[in-house]
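Architecture and fold: a report
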Amino acid sequence: ESGITRPKGYNVSFHCNPEMEKHHFGVTHPMKPWRLTLSKSLIYSYGMSFAMNNYVSRAATYEELADFHSTDYLDFLGTVLPEPVPRDVENQNPDLRFNLGGSDCPLFEGLYDYCSMSAGSALDAARKICANQSDIAIAWGGGLHHAKKAEASGFCYINDIVIAILELLRHYPRVLYIDIDVHHGDGVEEAFFSTDRVMTVSFHKYDPNNFFPGTGALDDNGPKNEQNPGAHHAVNVPLNDGITDEQYDMLFNTIISRIVEKFRPSAIALQCGADSLAGDRLGRFNLQVQGHGACVEFCKRMNLPLILFGGGGYTPRNVARAWTYETSIAIGCQDKISDVLPQHTPWRDQFRQETLFPTLEQILGEPRQNKNPPKRLQDIVNHVSEQLRFVQA
Ligand code: V1S
Ligand code: CA
Ligand code: ZN
């Protein structure tokens, strides 16, 4: 008896495709689709499936992908074959087109299916929201924010978020996109650069020379010209290594409440990339499961239709913890789940510590040095507040 109950009059839907989780980017590649299996098994072990509507999502069709992507790109993506000998990390000159086939975006068996399944989950989630059948729809297999109209980038081939937001825009006047992945949400930002119906906000580690993708400076706010209604509708929150839960939540709450006040979104799409957690293989922050989850809680409190997407996350045990906690927040049972992982959790030994909320010391030994002085955080808040003077609902 888990004590997890279905919230009355409140619908959470969970969209996944177990086939997606079986794909492999290659042994040395940080992106492990198996993290989705680990996450789902922890969510189910806590008994949360009984409190949600669970759907096996379909693969998106070619036409649905073409809503955003160019047909040239899709046709190529549909025909490329895995390389017989994987490229090494040094070989960064893919002679293939559309940035396909380098070490970041390798060609692997079933690539097109993997991409269409990720987009299918996101699109199913969006349609549940649009049909008013879900208050919160979850697609942990989505969130691939770097993909461009005709280009793969940073482990992302198809931008399921853009496709889902385009669907939301058929039903809602304005959509707020928020991205807490440690990387800049460049693909989503660029896709909506010229509309005032989508406001994009990304929190990320920013170092133009040493951290992927190198974009997302504080004053990159969308092309500013008289004819562009999308000017000022891209918000960027560039951060340094080691940011803590307290600092991140202060920034998140301050910035998002001001944006909601000014932009008055009719729906929220939240990318929950878990590489912003402490101890991530690629990330640099000191966030804990609690701080990451607090962003989801804050968005839920806005009382707007909400989609939760996955995204990055390269230490699978921490990804599973975060997305489990965030699923519990969506359902509203976060106070009822125990810190000790359920005894019968599959792969329980993968989690190292047997708790949902390990301490920073347990995760890292020594926390990463915090390079975010309070003055810099205040400057960011001030810049965003100034920027919002140009935004009207
Ligand atoms: N950081 C990082 C990183 N690591 C890798 C990588 C490592 C081993 C491999 F076998 C293959 C790739 N690539 C990168 C980054 C891309 C990060 C993408 C994040 C995606 C997301 O979490 O935001 C959303 C799912 N790429 C680079 O830094 C580019 C390089 C410039 C340097 C590293 N080498 C490996 C590729 C070229
Ligand atoms: Ca981000
Ligand atoms: Zn990332």
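Residues numbered from 1 in each chain as written. Chains lettered and ligands numbered in written order. Predicted model: local features only at pLDDT ≥ 70, side-chain atom pairs only at ≥ 80, totals over all residues. Heavy atoms only, no water.

1. Digging into the coordination of the calcium ion (ligand 2)
Protein-derived ligands of the calcium ion (ligand 2) are Asp179 (O), Asp179 (OD), Asp181 (O), His183 (O), Ser202 (OG) and Phe203 (O), with the metal-ligand distances lying across 2.5 to 3.0 Å. What the six donor atoms of the calcium ion (ligand 2) show is an angle range of 70 to 167° at the metal, which sorts the shape as irregular. Here the donor residues of the calcium ion (ligand 2) share one chain and are spaced in sequence as D-x1-D-x1-H-x18-S-F. Both residues of the pair, Asp179 and His183, belong to the buried class. (Donors = N, O, S within 2.8 Å, 3.2 Å for Na, K, Ca; no water. Tetrahedral: all angles 85-135°; square planar, octahedral: opposite > 155°, others 65-115°. Buried < 20%, exposed > 50% of the residue type's maximum accessible area, 1.4 Å probe, protein only.)

2. Quick word on the environment of Asp186
Within the secondary structure, Asp186 is located in helix α6 (residues 186-191). Taking the C-alpha atoms as reference points, Asp186 and Glu64, separated by 122 residues in sequence, lie 21 Å from one another. With residues up to four places along the chain from it excluded, the contact list for Asp186 reads His145, His146, Lys148, Pro213 and Thr215. For Asp186, the side chain forms a polar contact with the side chain of Lys148, separated by 3.4 Å. (Helix = DSSP H or I, 4+ residues; strand = E, 2+ residues; numbered from the N terminus. Contact = heavy atoms within 4.5 Å. Polar contact = N/O pair within 3.5 Å; in protein donor to acceptor, adjacent residues only side chain to side chain.)

3. Focus on the pattern of salt bridges
Enumeration according to the criterion identifies 14 salt bridges in this entry. Measuring nitrogen to oxygen at the nearest pair gives 2.9 Å for the salt bridge that ties Asp124 to Arg58. Placement of the pair is Asp124 in helix α4 (residues 111-130) and Arg58 in the loop between β2 (53-56) and α2 (62-65), with a sequence separation of 66 residues. Given the relative accessible area of 31%, Arg58 is considered partly exposed. Here Arg127 makes a salt bridge to Glu64, at a shortest N to O gap of 3.1 Å. With a gap of 63 residues between them, Arg127 in helix α4 and Glu64 in helix α2 connect regions that are remote in the sequence. Classification of Arg127 by relative accessible area gives partly exposed; the value is 32%. The network of salt bridges with common partners includes Arg58, Glu64, Asp67, Asp124, Arg127, Glu167 and Arg170. (Salt bridge = Lys/Arg side-chain N within 4 Å of Asp/Glu carboxyl O.)

4. A few points about the coordination of the zinc ion (ligand 3)
Protein coordination at the zinc ion (ligand 3): the donors are Asp181 (OD), His183 (ND1) and Asp275 (OD), at 1.9 to 2.0 Å from the metal. In terms of primary sequence, the donors binding the zinc ion (ligand 3) are separated according to D-x1-H-x91-D. A relative accessible area of 1% places Asp181 in the buried class.

Nothing here speaks to function; it is geometry throughout.
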